[in-house]
Protein chains: 2
Amino acid sequence: MRRGIELLGPRDIEAASFAIIQDELEVPVEPSVRPVVERVIHATADFDFAHTLVFSDAAVERGVAALASGATVVADTTMVAAGINKRVLGGFGGSVRTFIGDADVAEEARRRGITRSAVSMERACGLSGPLIFAIGNAPTALVRLCELVEEGAMAPPELVVGVPVGFVNVVESKELLLSSGLTSIVARGRKGGSTVAVAICNALLYLASHDRRE
Amino acid sequence: MRRGIELLGPRDIEAASFAIIQDELEVPVEPSVRPVVERVIHATADFDFAHTLVFSDAAVERGVAALASGATVVADTTMVAAGINKRVLGGFGGSVRTFIGDADVAEEARRRGITRSAVSMERACGLSGPLIFAIGNAPTALVRLCELVEEGAMAPPELVVGVPVGFVNVVESKELLLSSGLTSIVARGRKGGSTVAVAICNALLYLASHDRRE
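Throughout, residues of each chain are indexed from 1 in the direction in which the sequence is written. Written order decides the labels, with chains lettered from A and ligands numbered from 1. Thresholds applied to this predicted model are a pLDDT of at least 70 for local features of residues and 80 or more for the giving and counting of side-chain atom pairs; totals over whole chains, interfaces and linings are not thresholded and use all residues. Side-chain measures were taken over the full set of non-hydrogen atoms in the model, leaving aside hydrogen atoms and water.

1. Let's talk about the side chain of B:Thr115
All names here are of chain B.
- Numbering of helices and strands starts at the N terminus; helices are DSSP runs of H or I of at least 4 residues and strands are runs of E of at least 2. Looking at the element boundaries, Thr115 is found in the loop between α7 (103–112) and α8 (116–123).
- Relative accessibility decides the category of a residue: with a 1.4 Å probe and only protein chains considered, values under 20% of the type maximum give buried, values over 50% give exposed, and everything between is partly exposed. Judged by relative accessible area, Thr115 falls into the buried class, the value being 12%.
- Polar contact criterion, stated in full: a pair of N or O atoms within 3.5 Å, where within protein one must be able to donate a hydrogen and the other to accept it, and residues adjacent in sequence count only if both atoms are side-chain atoms. At 3.1 Å, the side chain of Thr115 and the backbone nitrogen of Ala118 are in polar contact.

Take a look at the structure:
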């Protein structure tokens, strides 16, 4: 191996990474949400998330319980769907669903002049069982989701991971979620993204696995 | 729609986003690389990348030419593979390959005590035609890739998008790539990730499409 590159096995790399994060993380973080905050920083190398992540009351506990009971995770994009640890999720009887790539979703979005993301949230109304939403990209998905619950078209999900990224309607969509009363984990501000949504879901999955082992 | 949420169609949202980025981007950026830098900021809402993205000589032009000629994009993770615009890539005759999920890769990695990412780069040696590597996560993939080219086991790729994220060996792996002489686009420092790798590849794809239309 090259000079300056440490020779470490895969597990040691992760352990060393978390040790650095714990060492450099200077903001006080609630112990109950700390594994989630640390995994987001691990996935982004961006300590801003220690300041911007907001957890509604018992959001981590509710998310972990839902995953342990076999919840379906509805992802807004195929990237989010690809990143969630399906081995662990499947071990609890859960699965990932995403509707963004469906041909009829694209057709309907075009016809109505709205985003595919918004239409794909409507498709999720047909799902049964406990649901967790992982929204890493589209503010329009988050807004439509809040509307569907308010209209009574969908039961309140167990958890909404609301971390879209960007410049238009992104901040506003997250504030809407925070004021909705739904159980949520939100990255306030412009930042977020698929990697953040995935890191949050996987942190919850690893907490659920850890609970099961004890 | 809600107060504070602008009513915009999908295309208008993207145009408005890029207008904000162009307005707020205060660092001078070379015109030839600007579409790539802007799309990375669009995907992350993080203006740090205007400072950290490094392009080797004619990297954008070479990447665009390779994609236009039907290059295969080798992704280090399924998230990167999921995010690349396959419709546009396929329109040029190209495709995405990723080996990280292969059962025999996992088995060999375990046996040799190295990462699956490193083994998956070895699998790419068997591919023919022009190759672009999109490494958004694993520094071990980037290091192994540089070694394989140096050892002569692989021809120099048309482009290496080297944007792993994290705390251990990440900075060093990118500096190794920068000193390798390979054609590369690198996000210097700790930051990077799947979304950054995808944004770079898609920016190149949209440039290639634009060239074709003219």
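2. Observations concerning the interface of chain A and chain B
- Whether two residues are in contact is decided by their heavy atoms, any of which lying within 4.5 Å being enough. With 46 residues of chain A at the interface, the matching set in chain B holds 46 residues.
- Here the quantity called buried area is the total loss of accessible area, with a 1.4 Å probe, experienced by two parts when brought into contact, counted for both. The contact between chain A and chain B buries some 3,700 Å² in all, and 66% of this surface belongs to carbon and sulfur atoms.
- One can count 2 residue pairs in polar contact (both at pLDDT 80 or more) joining chain A with chain B.
- Mapped onto the side of chain A that touches chain B, the elements with two or more residues apiece are α1 (10–24), α2 (34–44), α5 (78–83), α9 (139–150), α10 (170–178) and α11 (194–213) of chain A.
- Ranked by residue count, the leading element in the side of chain A that touches chain B is α1(A), at 7 residues.
- Lys, Arg, Asp and Glu make up the charged group, whereas Ala, Val, Leu, Ile, Met, Phe, Trp, Tyr, Cys and Pro make up the nonpolar group; the residues left over, Gly among them, are polar. Residue composition of the side of chain A that touches chain B, grouped by class: 22 nonpolar, 15 polar and 9 charged.

3. Digging into the pattern of salt bridges
- What makes a salt bridge here is a side-chain nitrogen of Lys or Arg within 4 Å of a carboxyl oxygen of Asp or Glu, nothing more. Enumeration over the complete set of coordinates arrives at 30 salt bridges over all chains.
- Here A:Glu108 and A:Arg112 are joined by a salt bridge, their closest N and O atoms 2.6 Å apart. With a gap of 4 residues between them, A:Glu108 and A:Arg112 both fall in helix α7 (residues 103–112), about one helical turn apart.
- By relative accessible area, which is 15% here, A:Glu108 ends up buried.
- In this structure A:Arg112 comes out as partly exposed when scored by relative accessible area, which is 37%.
- Residue B:Arg123 is joined to B:Asp104 by a salt bridge in which the shortest nitrogen-to-oxygen separation is 3.2 Å. Taken together, the residues B:Arg123 in helix α8 and B:Asp104 in helix α7 connect sequence positions 19 residues apart.

4. So, empty space enclosed by the protein
- Throughout, the protein atoms alone are placed on a 1 Å grid, and a set of points is a cavity if a 1.4 Å probe fits but cannot get out or a pocket if it is open with protein on both sides within 12 Å along at least five of seven lines; lining residues have an atom within 4 Å of a point. Grid points are joined across faces, edges and corners, and a volume is the space filled by probe spheres set on the points. Applying the stated criterion to the full structure yields 1 cavity of 30 Å³ or more.
- Considering only enclosed or pocket space, the largest cavity measures out at about 150 Å³ in volume.
- Lining the largest cavity are 15 residues, and of these A:Thr44, A:Gly192, B:Thr44, B:Phe49 and B:Gly192 lie nearest its centre.
- Looking at the lining of the largest cavity, the elements with two or more residues in it are α2 and α11 of chain A together with α2 (34–44) of chain B.
- Among the residues forming the lining of the largest cavity, the class breakdown is 5 nonpolar, 6 polar and 4 charged.

5. Details of the packing of α7(A) against helix α8 (residues 116–123) of chain A
All names here are of chain A.
- Geometry is summarised by axes, namely lines fitted to C-alpha atoms with helices restricted to the contacting stretch, and by angles between N-to-C directions that run from 0 to 180 degrees. Taken N-terminus to C-terminus, the directions of α7 and α8 make an angle of 120°; their axes are 8 Å apart at the nearest point. Looking at the two axes, α7 sits oblique to α8. Two packed elements cross with a definite hand, and for α7 against α8 that hand is right-handed. Along the contact surface, α7 presents Asp104, Val105, Ala106, Glu108, Ala109 and Arg112, while α8 presents Arg116, Val119, Ser120, Glu122 and Arg123.
- Across the contact of α7 with α8, the residue classes break down as 4 nonpolar, 1 polar and 6 charged. When describing relative orientation, an angle under 35 degrees is termed roughly parallel and one over 145 degrees roughly antiparallel, while 65 to 115 degrees is termed roughly perpendicular and anything else oblique. Put simply, a crossing is left-handed when the front helix is turned counterclockwise from the back one by less than a right angle, and right-handed when it is turned clockwise.

6. Remarks on the sheet that holds strand β6 (residues 184–187) of chain A
All names here are of chain A.
- Between any two strands, pairing holds if DSSP finds at least two bridges. Taking strand neighbours across the sheet as the criterion, the 6 strands line up as β1-β6-β5-β4-β2-β3 in an open arrangement whose pairing is mixed. A strand with exactly one partner marks an edge of an open sheet, and here the two such strands are β1 (53–55) and β3 (95–97). Recorded for the sheet is a direction-independent mean angle of 15° between the axes of neighbouring strands.
- Across 4 bridges, the pairing between strand β4 (residues 131–135) and strand β5 (residues 159–162) is parallel.

7. Digging into the pairing of β6(A)
All names here are of chain A.
- Here β6 shows no split at all, with Ser184 and Val186 on one side and Ile185 and Ala187 on the other all buried.
- Relative to β6, β5 runs parallel, the two sharing 3 bridges. Each bridged residue has a counterpart across the sheet, and for Val160 the counterpart in β6 is Ser184.
- A crossover connection joins β5 to the parallel β6 through α10; in handedness this β-α-β unit is right-handed. By convention, orient the strands away from the viewer: a clockwise path from the first strand over the helix to the second makes the crossover right-handed.

8. Observations regarding the relation of the copies chain A and chain B
- The atoms used to superpose the copies are C-alpha atoms, taken from residues with pLDDT of at least 70 in both, and the fit is least squares. Least-squares fitting of chain A to chain B yields an RMSD of 0.0 Å, with the superposition described by an axial translation of 0.0 Å and a rotation of 180°. Overall, the copies show the geometry of a two-fold rotation axis. The C-alpha atom lying nearest the rotation axis in chain A is that of A:Met79; the distance is 2.5 Å.
- Interface overlap between copies: 100% of the residues of chain A at the interface are likewise at the interface in chain B, consistent with a symmetric, same-surface contact.

9. Here we look at the nonpolar core
- Counting residues in each nonpolar core, the largest one holds 103 residues, and the members touching the most others are A:Ile200 and B:Ile200.
- Sequence-distant contacts of A:Ile200, that is, excluding residues within four places in its chain, are made with A:Val36, A:Val40, A:Leu53, A:Val161, A:Val163 and A:Ile185.
- For the purposes of this section, nonpolar cores are sets of buried Ala, Val, Leu, Ile, Met, Phe, Trp, Tyr and Cys residues that join through side-chain atoms within 4.5 Å. Formed by 25 residues, the second largest nonpolar core is a distinct cluster that contains B:Leu127, B:Phe133, B:Leu145 and B:Leu177.

10. Topic: helix α10 (residues 170–178) of chain B
- Residues B:Val170, B:Ser173, B:Lys174, B:Leu176 and B:Leu177 constitute the buried set of α10(B). End-on view of α10(B): buried residues confined to an arc of 155°, all on one side of the axis. To be clear, the arc concerns the directions from the helix axis to the C-beta atoms.

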